[in-house]
Amino acid sequence: MVSFSPSEEQQMIINMVKEFSTDHLRRVYRECDESGIIPADVIDTAWEFGFISTSIPEEFQGLGEARSSLTGALIAEELAWGDLSIAMHILCPSLVAIPLVEMGTDEQKSKYLPGFCGDRFKAATAALIEPRFDFDPAALSTTARLNGGDYVLNGEKCYVPLAADADLLLVYASENDCTQGFLVEKAATGLEIMEREKNMGIKALATYELSLKDCRVPKGNRLGGEDGCDFGRILNYSRVALSAMAVGVARGAFEYARDYAKERSAFGEPIASRQTIAFMLAEMAIEIDATRLMTWEATWKLDRGEDATKEASLLKSYADEMVLTVTDRAVQILGGHGYIRDHPVELWLRNGRGFATFNGMAIV
Ligand SMILES: Cc1cc2nc3c(=O)[nH]c(=O)nc-3n(C[C@H](O)[C@H](O)[C@H](O)COP(=O)(O)OP(=O)(O)OC[C@H]3O[C@@H](n4cnc5c(N)ncnc54)[C@H](O)[C@@H]3O)c2cc1C
């Protein structure tokens, strides 16, 4: 039997995160977009919720609750509704923590997981995307070669969030034509973090290119050890989280445009009563709900331990289009006002455009 009702606990989490987003993220997001800086106190307050430490087992100093992709998606939607850049910053450490919890060896878990359970925000990140036109996560140009007791990594990455601050990076590389993850500590020789990137959207999130030149990583830092990792599953988690965030961004834009259309009068009545606007709003609402349901279906399969590659890939492809259409329509509904910075819809359109790039191609 399928249920579409969040559990009592999930509803409590939704309410709590919505309140946090309203009080903190919505208060600073425009300033963050302009300055490129997110106030540390916002990140520290978010860290106190334990979004990441909650699902780390008690033996590694976490709270040891069962991990749920669905709950993760609910949190991601509410945070991204508040602001996408800040949401991505807050959740960035999970790009390392979740693969470690699910696929790390006992040694890797003991060494790295307690770091995610402290009082202060722990910057950690993953490096997947490469600066080339035919980027494919299943056929990476970055290579990993075993040499003595070390892996030697070579390649270039881009769109790596928080790379300059991260103590630990999960670098994906091709090893014998198979994508594997490698835990690279900041001090590793041959790892160079480049200048901060200048992006069209998510301007408050610091992203970087990085280069790996004969970067040596101990053999024991191959994610999952001898068994390696299930990269397809990691990619599916990422697709689902990004899609949930796309729903959050789109929902924010829809709500703003809807309220504006009810207030704004042209030719004697609110523009919301005009069919052109009303139809646009209705279609936006339909698309958002459809994407949310697809997100929930993919998380449901993931939480059952099933292969969700089809669902997550279709979802990501749909979500990329949906968020662009919805945010673009929000700009259109505001007319000339949508194009100026007095209103947030232009920011949401810039942020929404990024989803088709985050993670690379949707269908792989
Ligand atoms: C970069 C830029 C440059 C500009 N340059 C100039 C310029 O040089 N000269 C100038 O005069 N203006 C200029 N404008 C203003 C522009 O012409 C107006 O923005 C435009 O006419 C829309 O008006 P509005 O912003 O008041 O939107 P609104 O009239 O509030 O419209 C909002 C939305 O409602 C829709 N709508 C409104 N009325 C109806 C209706 N009766 N039925 C169905 N839908 C409706 C609109 O299509 C729009 O999607 C510029 C705007 C921009 C962004």
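Here's what I pulled together on the structure shown here. For clarity, every value in this text was computed on a predicted model and none was experimentally measured.

## Description of unusual backbone geometry
Positive phi, normally seen in glycine, also occurs at Asn176, with a value near 50 degrees. Within the secondary structure, Asn176 is located in the loop between β4 (168-175) and β5 (178-185).

## Examining a nonpolar patch on the surface
On the surface, a cluster of nonpolar side chains totalling about 440 Å² of accessible area is made up of Val2, Phe4, Leu293 and Trp300. Residue position: Trp300 is located in helix α8 (residues 275-303).

## What to know about the pairing of strand β1 (residues 124-127)
Of the two faces of β1, the one holding Ala124 and Ala126 and the one holding Thr125 and Ala127 are both buried throughout. The sheet contact formed by β1 and β4 spans four bridges and is parallel. By the bridge assignment, Ala126 is partnered in β4 with Leu170.

## Some remarks on the packing of α8 against helix α9 (residues 309-333)
It is the contact of α8 with α9, at a shortest axis distance of 9 Å, that shows an interaxial angle of 155 degrees. Considering their axes alone, α8 and α9 lie roughly antiparallel with respect to each other. Judged by the twist between their axes, the crossing of α8 over α9 is left-handed. Grouping the constituent residues of the contact of α8 with α9 by class yields 17 nonpolar, three polar and six charged.

## As for the layout of surface pockets
Approximately 280 Å³ is the volume attributed to the second largest pocket. Split into classes, the residues belonging to the lining of the second largest pocket amount to eight nonpolar, three polar and two charged.

## Details of α9
Taking 1.5 Å per residue as the helical rise, α9 with its 25 residues ought to reach 36 Å, and the 36 Å between its terminal C-alpha atoms agrees with that figure. Phi turns positive one or two residues past the end of α9, at Gly335, with a value near 60 degrees.

## A few points about the environment of Ala66
Take Ala66: it is sitting in the loop between α2 (40-48) and α3 (69-82). With ten residues separating them along the chain, Ala66 and Ile56 place their C-alpha atoms 8.5 Å apart.

## Digging into the nonpolar core
Core analysis: the biggest nonpolar cluster contains 90 residues, and Leu79, Leu84, Ile86, Ile90, Phe116, Ile333 and Phe355 have the highest contact counts within it. Looking at this core, the element that brings in the most residues is helix α7 (residues 231-263), giving 15 residues. Not counting the four nearest positions on each side in its chain, Phe116 is found in contact with Trp47, Ile52, Ser53, Ile56, Pro93, Val96, Ala97, Leu100, Lys122 and Ala124. Counting 19 residues, the second largest nonpolar core, distinct from the first, contains Leu153, Val160, Ala206 and Leu212.

## A short note on the environment of Val323
Summarising the element assignment, Val323 is placed in helix α9. Separated by 250 residues in the primary sequence, Val323 and Ala73 have C-alpha atoms spaced 16 Å apart.

Thresholds, definitions, all that
- Residues numbered from 1 in each chain as written.
- Predicted model: local features only at pLDDT ≥ 70, side-chain atom pairs only at ≥ 80, totals over all residues.
- Heavy atoms only, no water.
- Helix = DSSP H or I, 4+ residues; strand = E, 2+ residues; numbered from the N terminus.
- Patch = residues over 30% accessible without salt bridge, like charges linked within 9 Å, V, L, I, M, F, W, Y side chains within 5 Å.
- Areas by Shrake-Rupley, 256 points an atom, 1.4 Å probe, with all protein chains shown as cover.
- Salt bridge = Lys/Arg side-chain N within 4 Å of Asp/Glu carboxyl O.
- Buried < 20%, exposed > 50% of the residue type's maximum accessible area, 1.4 Å probe, protein only.
- Pairing = 2+ DSSP bridges.
- Axes fitted to C-alpha atoms, helices over the stretch in contact; angles between N-to-C directions.
- Parallel < 35°, antiparallel > 145°, perpendicular 65-115°, else oblique.
- Left-handed = near helix turned anticlockwise from the far one by under 90°.
- Nonpolar A, V, L, I, M, F, W, Y, C, P; charged D, E, K, R; others polar.
- 1 Å grid on protein atoms, 1.4 Å probe; cavity = no way out; pocket = protein on both sides within 12 Å on 5 of 7 lines; lining within 4 Å.
- Points joined across faces, edges and corners; volume = space filled by probe spheres on them.
- Expected span 1.5 Å × (residues − 1).
- Core = buried A, V, L, I, M, F, W, Y, C linked by side-chain atoms within 4.5 Å.
- Contact = heavy atoms within 4.5 Å.

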